[in-house]
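# Structural overview
Here are the chains, one letter per residue:
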Amino acid sequence: MAVDLTLVSFFALAALTLVSGAVVAFSRNIIHATVALLGCFLGIAGLYVQLSADFLAAVQVLVYVGGTLTLILFAVMLTARIEDVRTSNTSTGLPVGVALVAALLLVLGKVATTTAWPETPRAPMPSTAKLGHALLGDYLLPFELGSILLLAAMIGAVVLARRAVKRNWEKA
Amino acid sequence: MDSVSFVFALLKIALILGFLVTLTAVLTWVERRQCALIQDRVGPNRAVVYVPGLALKLLAGGGGLGLGAALAAAGMALREHPKAMVVCFAAAAVVALAGVVGAVRVPSGTVGIRLAGMLHPVADGIKFITKEDFVPPNGDRLLHALGPIIALFPALVTLAVVPFGDTLAVQLGAGGNLWSRLAHGRIGWADSLRHYHAAVPRFGMPTLSPDLLPVPLQIVDLDVGILYIFALAGTGIIGAAVAGWSSDNKYALLGGLRAASQMVSYEVAMGLSLVGAFMISSSLRLDDIVRWQSEHTWGIFVQPFAFVLFLATAVAEQKRTPFDAPEGESEIVAGYFLEYSGMKFSMFMMGEYMELIVSSALLVTIFLGGYAIPFVHRDGITLAFGDRVLWQAALPHVALVALSVLVFFGKLLAVCFLQLFIRWTVPRFRYDQVMRLGWRRLLPAALVNMMLTGAALIAVDHASAGIDQALRIAADVCNAVVVLGFAYGGVAFVRFLASRPKPQQELLSTSAQRAHAQGGAHTSPMQA
């Protein structure tokens, strides 16, 4: 009974992820593609939950849906007449694309066949505390380097976004 | 998952969803009532159901007599417990008498039932369902339909991780079917209050004996707890933005962008304002946070700034009045739901009120003790300051759990009322003010609060035993303050209810003064 339910939910999540991924890739309407990305992210978060990575699932939705997807939506919506664009870049790079996809599929296939996947569903395994200890213990240097990178990106964004000249109504 | 846990899970889901939907309807009424009281208007009182008086008479009389007979039968069944029998018989007499008196006092002829305007949410529901569902001809039909669903979805599911009562321990007797085992699950029910021996520990999870099934009163107990709520709240942003874009309307697009940017901005400060509370209870699980407060004191005493920050950001997240920049009659009309009508509009509105309920539940859980009551633990009442125990009394387990559930929902209603009151009290911000407040005031304040909490935690960890004891006593003093405050508030409320309202009349115009001098003016029958 329990195994069946796990299988059913796995196939449902996989279908959600793949179908919305296909919509993202093939939809002619870029807004539809953006919204389909939501289903893709949620499906992947559900797959993380099934692999007992609860913290990763929550952060996946938090960062990708709450942050990235919103930014993409902003960019897409504020571009004028974007829903009318019907062209796609078909002119160049077909051989390079095929080669890249083949390489990616090879790597993914290797990983999928060599990983020891658990055959029975595991009990939920809280990972938040473990991840916290790992990030602030063994992996402190990469963690701090990542923070410095993000800080630099943030300062860069502020520098790009701010105006050098204040307008009249802004001086006060 | 065995069958008992499954049944309990279904019951919990039904309870929480039913509560959420009902409270959403009630809150729309409360809000209209409140604003009518503040603005000295009539408020909602137009929705009427006309019923023949004879039917009401039969209903009141028959219902009272029937319930009385049922109570009397229960009293006869409880012959072995004389006190319970007396209570049952007294209740039967009161109910039957009330039914008969009510039946006599119902006027004959047609009676209009208004229920103080409580019928308005029902009338609104009928209106929303039967109204035309208008879709802008040049808009995007699919996304126009999807927007309200994405906006409503997180509000419906986030209450799942909020604990609404202490863990119920069900004793699984050997043999018998599910229902007889449930009926005998009276864990630790005391023969008398003095000879009560708790079968469950005072703190922590009750997993003492193998025949005890702990049923957490929470639909799902996630380790990531509050991250789940924040993650799903983020998906609501997409709903507003998509609704604004798909409406093919410039005002709606501007409203959608305003809503999305406001929610993204305030989500940052909202998440950071709670980090201090997580550091103190060293867990993201909401149940752990409530247990910490039950063992020490309410979160509002250890994180007072975070309470204010979270309240402000929560109101901003719901896009309610001080922060209602996404809609504005004079600037962008109704904002992102401008082109919505009927049930789709009502989904946005219900989403707003459900978010209000969820944020109130979070405020209660993280800062106001959740289902915990000061000085009440799982083994009964222990009035203690530090190690000095002043008074102790045992209470049966089922009564304690029921009390914790009642207390949680009571606190939740009170905080919902407070949030509604904010709307009718504070004037709205301009859009640039909203953004400036979020990024330049609330976000740095949340960061400072986080750092101060960390410093204080390190100091407490290295403190001497004397300081530790002093902190414990301070926590208990805070608990005592809560109890005294509630006692005073209860007395004041009862006195307010018992007091006679003083009629205040201000005669502004000369004609009114003349009319008053001649024995009063014509009173309108619609006056509330």
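This is a predicted model, so every value here is computed, not measured.

Within chain B, the regular secondary structure consists of 17 helices and seven strands. Residue burial in chain B is summarised as follows: out of 528 residues, 44% are buried. Counting only carbon and sulfur atoms, one obtains 68% of the accessible surface of chain B, whose full area is about 27500 Å².

If you tally the helices and strands in chain A, you get six helices and zero strands. Beginning at the N terminus, the succession of helices and strands in chain A can be written as α-α-α-α-α-α. When the 172 residues of chain A are sorted by exposure, 20% land in the buried category. In chain A, 61% of the contacts between residues at least 6 apart in sequence involve partners at least 24 apart. Surface accessibility of chain A: about 12700 Å² in total, with carbon and sulfur atoms responsible for 74%.

This part is about the packing of helix α12 (residues 304-317) of chain B against helix α13 (residues 342-367) of chain B. Residue and element names in this part refer to chain B. At their nearest, the axes of α12 and α13 sit 10 Å apart, and the two run at 170° to each other. Relative to α13, the element α12 lies roughly antiparallel. In this structure, α12 contributes A306, F307, F310, L311, A314 and E317 to the contact, and α13 contributes E355, S359, L362, L363 and F367. Residue composition of the contact of α12 with α13, grouped by class: eight nonpolar, one polar and two charged.

Residue and element names in this part refer to chain B. Per the counting criterion, the structure on display carries 13 salt bridges over all chains. Ionic pairing is found between R436 and D432, a salt bridge with its closest N-O pair at 3.6 Å. Placement of both R436 and D432 in helix α15 (residues 431-461) is noted, with a separation of four residues, approximately one turn of the helix. A relative accessible area of 41% means that R436 is categorised as partly exposed. By relative accessible area, D432 is classed as partly exposed at 32%. Each of E31, R320, E352 and R423 takes part in one network of salt bridges that share partners.

The subject of this paragraph is the domain arrangement of chain B. Segmentation of chain B into domains returns domain 1 (1-48 + 117-128), domain 2 (49-113), domain 3 (131-161 + 221-491) and domain 4 (168-215). Placing the centre of domain 2 of chain B and that of domain 3 of chain B at their C-alpha centroids yields a distance of 42 Å.

Residues and elements named next belong to chain B. Spatially, the three strands line up as an open sheet ordered β5-β6-β7, and their pairing is antiparallel. In this open sheet, the two edge strands, each paired with only one partner strand, are β5 (376-377) and β7 (388-393). Sheet topology places strand β6 (residues 380-385) next to β7; five bridges connect them, and they run antiparallel. For A384, the partnering residue across the bridge sits in β7 and is V389.

Take a nonpolar patch on the surface next. On the surface, L135, L136, Y139, L140 and F143 of chain A cluster together into a nonpolar patch covering about 470 Å² of accessible area. The exposure class of L136 of chain A is exposed, given its relative accessible area of 57%.

Take the environment of V460 of chain B next. Inspection of the secondary structure puts V460 of chain B in helix α15. Separated by eleven residues in sequence, V460 of chain B and L471 of chain B have C-alpha atoms that sit 9.0 Å apart.

Residues and elements named next belong to chain B. As enumerated under the stated definition, the model contains 18 aromatic pairs over all chains in all. Taken together, a centroid distance of 4.4 Å and an interplanar angle of 45° make the contact between F19 and F409 tilted. On the criterion of sequence distance, the pair formed by F19 in helix α1 (residues 3-38) and F409 in helix α14 (residues 397-423) is long-range, its members being 390 residues apart. Residue class for F19 comes out buried when judged on its relative accessible area of 19%. Judged by relative accessible area, F409 falls into the buried class, the value being 14%. When the ring of Y336 is compared with that of F348, the centres are 5.4 Å apart and the planes differ by 75°; the resulting orientation is edge-to-face. Remark: F348 occurs in helix α13 and Y336 occurs in the loop between α12 and α13; sequence separation between them is twelve residues. On the basis of relative accessible area, F348 is assigned to the buried category, the value being 7%. A network of ring pairs unites the aromatic residues F128, Y336, F337, Y340, F345 and F348 as a single cluster. The lysine or arginine in question, K127, covers the ring of F128, its NZ or CZ lying 5.5 Å from the ring centre.

This part takes up the confidence of the model for chain B. Residues and elements named next belong to chain B. In this model, chain B carries an average pLDDT of 81, and 88% of its residues clear a pLDDT of 70 or more. Across residues 176-199, where pLDDT falls below 50, the model places 40 contacts with residues more than four positions away in sequence or in other chains. Contacts of residues 524-528 to residues separated by more than four positions or lying in other chains number four contacts, the stretch itself having pLDDT below 50. ipTM for the predicted complex: 0.78, alongside a pTM of 0.81.

Next up on the list: helix α3 (residues 54-77) of chain A. An ideal rise of 1.5 Å per residue puts 34 Å on 24 residues; α3 of chain A measures up with 32 Å between its terminal C-alpha atoms. Approximately 30° is the largest bend angle found in α3 of chain A, and it occurs at Y64 of chain A. Turning to α3 of chain A, its buried residues number three or more, namely D54, A57, A58, Q60, V61, V65, G66, L69, T70, L73, V76 and M77 of chain A. Elements in contact with the buried residues of α3 of chain A: α2 (30-50) of chain A together with α7 (226-246) and α8 (250-273) of chain B.

Time to look at the environment of A53 of chain A. By the element assignment, A53 of chain A lies in the loop between α2 and α3. Beyond its immediate chain neighbours, meaning those up to four positions away, A53 of chain A contacts Y48 and S127 of chain A.

Attention now goes to the interface of chain A and chain B. Each partner contributes to the interface: chain A provides 23 residues, whereas chain B provides 23 residues. Carbon and sulfur atoms make up 84% of the area that chain A and chain B hide from each other, which totals about 2000 Å². Per-residue buried area on chain A facing chain B is highest for L62, F74 and M77 of chain A; these three make up 26% of the total on that side. Counting every contact that joins chain A to chain B gives two residue pairs in polar contact (both at pLDDT 80 or more). Listed by contribution, the elements that provide at least two residues to the side of chain A that touches chain B are α2 and α3 of chain A. If one sorts the elements of the side of chain A that touches chain B by residue count, α3 of chain A sits on top with twelve residues.

Here we take up the nonpolar core. In a soluble, globular protein the nonpolar side chains are often hidden away together inside. I226, L286, F367 and F408 of chain B are the most contacted members of the largest nonpolar core, which has 73 residues in total. Not counting residues up to four positions away in its chain, the partners in contact with L286 of chain B are V161, V162, P163, I226, I229, L362, T365 and I366 of chain B. Of all hydrophobic cores here, the second largest spans 25 residues; its members include A57 and V76 of chain A together with V242 and A260 of chain B.

Another aspect to go through is unusual backbone geometry. Residue and element names in this part refer to chain B. The phi angle at S282 is positive, at roughly 45°, despite the residue not being glycine. Counting through the fold element by element, S282 comes out in the loop between α9 (275-281) and α10 (286-295). The exposure class assigned to S282 is exposed, which follows from its relative accessible area of 65%.

Further remarks concern the confidence of the model for chain A. Looking at chain A, pLDDT values average 83 and 82% of them are 70 or higher. When mean pLDDT is compared element by element in chain A, helix α6 (residues 140-161) of chain A scores highest at 91, while helix α1 (residues 2-26) of chain A scores lowest at 85.

Analysis parameters
- Each residue is numbered by its place in its chain's sequence as written, counting from 1.
- Each chain gets a letter, beginning with A, and each ligand a number, beginning with 1, in the order they are written.
- Only residues with pLDDT of 70 or above have their local features reported here, since the model is predicted, and side-chain atom pairs are shown and tallied only from 80 upward, although totals for entire chains, interfaces and linings are computed over all residues.
- With hydrogens and water excluded, all non-hydrogen atoms of the structure serve as input to the side-chain values.
- Per the convention used, a helix needs a DSSP run of H or I reaching at least four residues, while a strand needs a run of E reaching at least two, with both numbered from the N terminus.
- Only protein chains enter the accessibility calculation, which uses a 1.4 Å probe. A residue is then buried if its area is under 20% of the maximum for its type, exposed if over 50%, and partly exposed in between.
- Using a 1.4 Å probe, accessible areas were evaluated by the Shrake-Rupley method; residue-level cover was limited to the displayed protein chains.
- In this description, contact between two residues means that some pair of their heavy atoms is separated by no more than 4.5 Å.
- Every axis corresponds to a line fitted to the C-alpha atoms, with the helix fit spanning only the stretch in contact, and the corresponding angles, defined between N-to-C directions, vary from 0 to 180 degrees.
- Roughly parallel means an angle under 35 degrees; roughly antiparallel, over 145; roughly perpendicular, 65 to 115; everything else is oblique.
- Residues are sorted three ways: Asp, Glu, Lys and Arg are charged, Ala, Val, Leu, Ile, Met, Phe, Trp, Tyr, Cys and Pro are nonpolar, and all the rest, Gly among them, are polar.
- Every case where a carboxyl oxygen of Asp or Glu lies within 4 Å of a side-chain nitrogen of Lys or Arg is listed as a salt bridge.
- What fixes the domain bounds is an automatic or database domain assignment.
- Two strands are said to pair when DSSP picks up at least two bridges between them.
- Within the patch definition used here, like charges are joined within 9 Å and nonpolar side chains (Val, Leu, Ile, Met, Phe, Trp, Tyr) within 5 Å, considering only residues with over 30% relative accessible area and no salt bridge.
- Ring geometry is summarised as follows: Phe, Tyr and Trp rings, the Trp one being its six-membered ring, pair when their centres sit within 6.5 Å, and such pairs are stacked at plane angles under 30 degrees, edge-to-face over 60 and tilted between the two.
- Counted as over-ring charges are cases with an Arg CZ or a Lys NZ within 6 Å of the ring centre that also lie within 35 degrees of the ring normal.
- Note: pLDDT gives the predictor's confidence per residue, expressed from 0 to 100.
- Expected span, for any helix, means 1.5 Å times one less than how many residues it has.
- For a residue, the bend is simply the angle between two axes, fitted respectively to the seven-residue segment ending there and the seven-residue segment starting there.
- Simply put, the buried area is the total loss of 1.4 Å probe accessible area from both parts when two parts are fitted together.
- We call two N or O atoms a polar contact when they sit within 3.5 Å, provided that within protein one can donate a hydrogen and the other can accept it, with sequence-adjacent residues counted only if both atoms are side-chain atoms.
- Put simply, a nonpolar core is a bunch of buried Ala, Val, Leu, Ile, Met, Phe, Trp, Tyr and Cys residues held in one set by side-chain atoms that sit within 4.5 Å of each other.

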